[in-house]
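Understanding the architecture of this molecule
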Amino acid sequence: MRHAALIVAVFLALQACGFHLRGEAPLPPVMAKPYVDTQDRYSPLYAALEQRLQAAGAAVAPNSADASAIINLRVDDTGRELLSVTADNKPGEYEVYYAAEFSVTKGGKELIPPKQVRLTREYGYNETAVLAKEHEEQSLRVALAEEIADLIMRRLAAL
């Protein structure tokens, strides 16, 4: 009983100070029906951005004519670079990167000028576990795309 009273007291104290979970940032009315203009509709970034727009209550437009604003994904690039080699001249570490450039326009007016984002993650390589390391690399690419989509959503919420 005493434990329950303590939990209730902590909960009431947090409520009294105005604490609440962050949740999704609301999008401005101009982003009610955005169109995402990209060359690759099957990239991890496009999928993550579309999912986040829908979760925030936006109805993604099927074409630019029906859109309230256009999100231009000018660059959507991912890859890996060798970071280190072992003593016997084999790959030891790789760096996975995801680069994007985006802007937002509405009726020919630029709401957000072109912004470049590049995120990287490192991972160790082991040639005896090639399939596992390929899976790890793909998971890192998806995670980086999701982080970039979150950055874009925060920028859209600030319009």
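What you see as residue numbers is a count from 1 along each chain, following the sequence as written. Predicted model: local features are reported for residues with pLDDT of at least 70 only, side-chain atom pairs are reported and counted for 80 or more only, and whole-chain, interface and lining totals are derived from all residues. Side-chain metrics in this entry use all non-hydrogen atoms of the structure; hydrogen atoms and water are not considered.

Among the secondary structure elements, R52 is positioned in helix α2 (residues 44-55). Burial here depends on accessible area, computed with a 1.4 Å probe over protein chains only, as a share of the maximum for the residue type. Under 20% is buried, over 50% is exposed, and the range in between is partly exposed. We classify R52 as buried; its relative accessible area is 14%. In what follows, residue pairs with any heavy atoms lying within 4.5 Å of each other are defined as contacts. Non-local contacts of R52, meaning those with residues more than four positions away in its chain, are made with E146, A149, D150 and M153. Counting from the N terminus, the helices are DSSP H or I runs at least four residues long and the strands are E runs at least two residues long.

Attention shifts here to the environment of Y94. The topology assignment puts Y94 in strand β3 (residues 91-106). In this structure Y94 comes out as buried when scored by relative accessible area, which is 10%. The spacing of Y94 and Y123 is 29 residues in sequence and 5.6 Å in space, taken between C-alpha atoms. Sequence-distant contacts of Y94, that is, excluding residues within four places in its chain, are made with R80, E81, L82, L83, R121, E122, Y123 and Y125.

The next thing to look at is the packing of aromatic side chains. Only Phe, Tyr and Trp rings take part, Trp by its six-membered ring, and two of them pair if their centres are within 6.5 Å. Stacked means planes under 30 degrees apart, edge-to-face means over 60, and tilted covers everything else. Tallied over the full model, the rule gives two aromatic pairs. A ring pair is formed by Y94 and Y125, whose centres lie 5.4 Å apart and whose planes are at 90°; its orientation type is edge-to-face. In this pair, Y94 sits in strand β3 while Y125 sits in the loop between β4 (109-124) and α3 (130-157), placing the two residues 31 residues apart along the sequence. Classification of Y125 by relative accessible area gives partly exposed; the value is 23%. An aromatic cluster is present here, built from Y94, Y123 and Y125 joined pairwise through their rings. Ring-over charges, as used throughout, are those where CZ of Arg or NZ of Lys falls within 6 Å of the ring centre and within 35 degrees of the ring normal. The lysine or arginine in question, R80, covers the ring of Y94, its NZ or CZ lying 4.2 Å from the ring centre.

Let's shift gears to the pattern of salt bridges. When a carboxyl oxygen of Asp or Glu lies within 4 Å of a side-chain nitrogen of Lys or Arg, that pair is called a salt bridge. Counted under the stated rule, the structure contains nine salt bridges. Put simply, R118 and E81 hold a salt bridge, and the shortest N to O gap is 3.7 Å. Separated by 37 residues along the polypeptide, R118 in strand β4 and E81 in strand β2 (residues 69-85) bring together distant segments of the chain. A relative accessible area of 45% places R118 in the partly exposed class. Linking E136 and K133 is a salt bridge whose minimum nitrogen-to-oxygen distance equals 2.9 Å. One end of the pair, E136, and the other, K133, are both in helix α3, three residues apart, so they sit about a helical turn from each other. Taking relative accessible area as the criterion, E136 reaches 28% and is therefore assigned partly exposed.

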